[in-house]
Amino acid sequence: MSELLLVRHGETEWSRDGRHTGLTDIPLTERGEQQAEALRPLLAGRRIALTLASPLKRALRTAELAGLDPEPEPDLLEWDYGGYEGVTTAEIHRTRPDWYLWDDGVVPGPAAHPGETIAQVGARADRVLARVAPLLREDGDGAGDVVLVAHGHFLRVLTARRLGLPPAAGALFRLDTATVSRIGTEHGRPALVAWNLPSNPTP
């Protein structure tokens with residue numbers, strides 16, 4: 001049975017430091033590249049029908065180092081954090097002590113990235129899922145798995161939508177850098193098979 005494989009990109013300077021990284025196109029750190037290469041065993045032996053990746057370099061590079069051949073998909077971009085781009089949660093809490101992304105969203109940013117509501121992120125996730133749905137059908141041709149290489153918050157929203165939950169339920173699915181997660185089916189319904197499996201780079 002085909003599965004949906006979710007790959008979060010490797011470490012960047014901003015992910016390491018807890019800074020919200022939406023549309024800013026920054027590269028992997030050296031450790032991030034090692035993490036991405038170490039994803040290969042988690043994907044080895046899988047028959048892959050399609051790999052889609054966010055067009056940002058941290059996702060495309062992760063896919064390349066993991067041995068994948070991705071097609072860029074703009075709908076896989078990370079949540080546009082607007083005015084919170086590059087800002088840590090601790091910094092936001094200095095002026096909004098009770099702020100929580102999944103409940104409160106973001107504030108507007110500059111024209112290049114004005115910010116998105118969680119509903120807008122969910123709509124993008126739904127478009128991606130609609131695109132890959134024919135490959136994941138139980139009565140399909142069994143061409144293989146679908147791999148999505150993207151970003152933490154977006155993949156959490158997509159997971160919620162695949163499981164029939166509202167976008168905000170993505171809050172329930174912690175997702176670390178350089179991990180593989182698998183969504184399959186049980187009795188014809190989407191179900192988690194494995195979650196947040198880490199790569200193990202050589203020190």
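Keep in mind that what you see is a predicted model, and the values were worked out from it rather than measured. (Residues numbered from 1 in each chain as written. Predicted model: local features only at pLDDT ≥ 70, side-chain atom pairs only at ≥ 80, totals over all residues. Heavy atoms only, no water.)

Points about the sheet that holds strand 6 (residues 189-198)
Adjacent strands of a sheet pair through backbone hydrogen bonds, lying either parallel or antiparallel.
Thinking step 1. Spatial strand order, 3-2-4-1-5-6: six strands in an open sheet with mixed pairing. Strands at the two margins of the open sheet, each flanked by one partner only, are strand 3 (71-72) and strand 6.
Thinking step 2. When strand 1 (residues 4-8) meets strand 5 (residues 179-186), the two strands line up antiparallel, connected through five bridges. What sits directly across from Leu5, in strand 5, is Arg182.
Thinking step 3. Sheet strands touched by helix 7 (residues 118-136): strand 1, strand 2 (48-53), strand 3 and strand 4 (145-150). Its angle to strand 2, the strand with the most contacts, is close to 170 degrees.
Thinking step 4. Relative to strand 1, helix 8 (residues 152-162) is tilted by about 160 degrees, and along the sheet it contacts strand 1, strand 4, strand 5 and strand 6. (Pairing = 2+ DSSP bridges. Helix = DSSP H or I, 4+ residues; strand = E, 2+ residues; numbered from the N terminus. Contact = heavy atoms within 4.5 Å. Axes fitted to C-alpha atoms, helices over the stretch in contact; angles between N-to-C directions.)

Quick notes on unusual backbone geometry
Thinking step 1. We note that Ala178 has phi near 55 degrees; this positive angle belongs to a residue other than glycine.
Thinking step 2. With respect to the helices and strands, the residue Ala178 is situated in the loop between helix 8 and strand 5.
Thinking step 3. With a phi angle near 55 degrees, His187 is a residue other than glycine that sits in the positive phi range.
Thinking step 4. Along the chain, His187 falls in the loop between strand 5 and strand 6.

What about the packing of helix 7 against helix 8?
Thinking step 1. Their axes nearest at 9 Å, the elements helix 7 and helix 8 cross at an angle of 60 degrees. If you check the angle between helix 7 and helix 8, you find them oblique. For the crossing formed where helix 7 meets helix 8, the hand is right-handed. In this structure, helix 7 contributes Val121, Gly122, Arg124, Ala125, Asp126, Val128, Leu129 and Leu136 to the contact, and helix 8 contributes Phe154, Val157, Leu158, Arg161 and Arg162.
Thinking step 2. By residue class, the composition of the contact of helix 7 with helix 8 is eight nonpolar, one polar and four charged. (Parallel < 35°, antiparallel > 145°, perpendicular 65-115°, else oblique. Left-handed = near helix turned anticlockwise from the far one by under 90°. Nonpolar A, V, L, I, M, F, W, Y, C, P; charged D, E, K, R; others polar.)

Details of the pairing of strand 2
Thinking step 1. Here strand 2 pairs with strand 4 via five bridges, running parallel. The residue bridging Ala53 from the neighbouring strand is Val149, located in strand 4.
Thinking step 2. Here two bridges tie strand 2 to strand 3, and the two strands are oriented parallel to one another. Of the residues in strand 3, the one forming a bridge with Leu52 is Glu71.
Thinking step 3. The parallel pair strand 2 and strand 3, bridged by helix 4 (residues 57-65), forms a crossover whose chirality is right-handed. (Right-handed = clockwise from strand over helix to strand, strands pointing away.)

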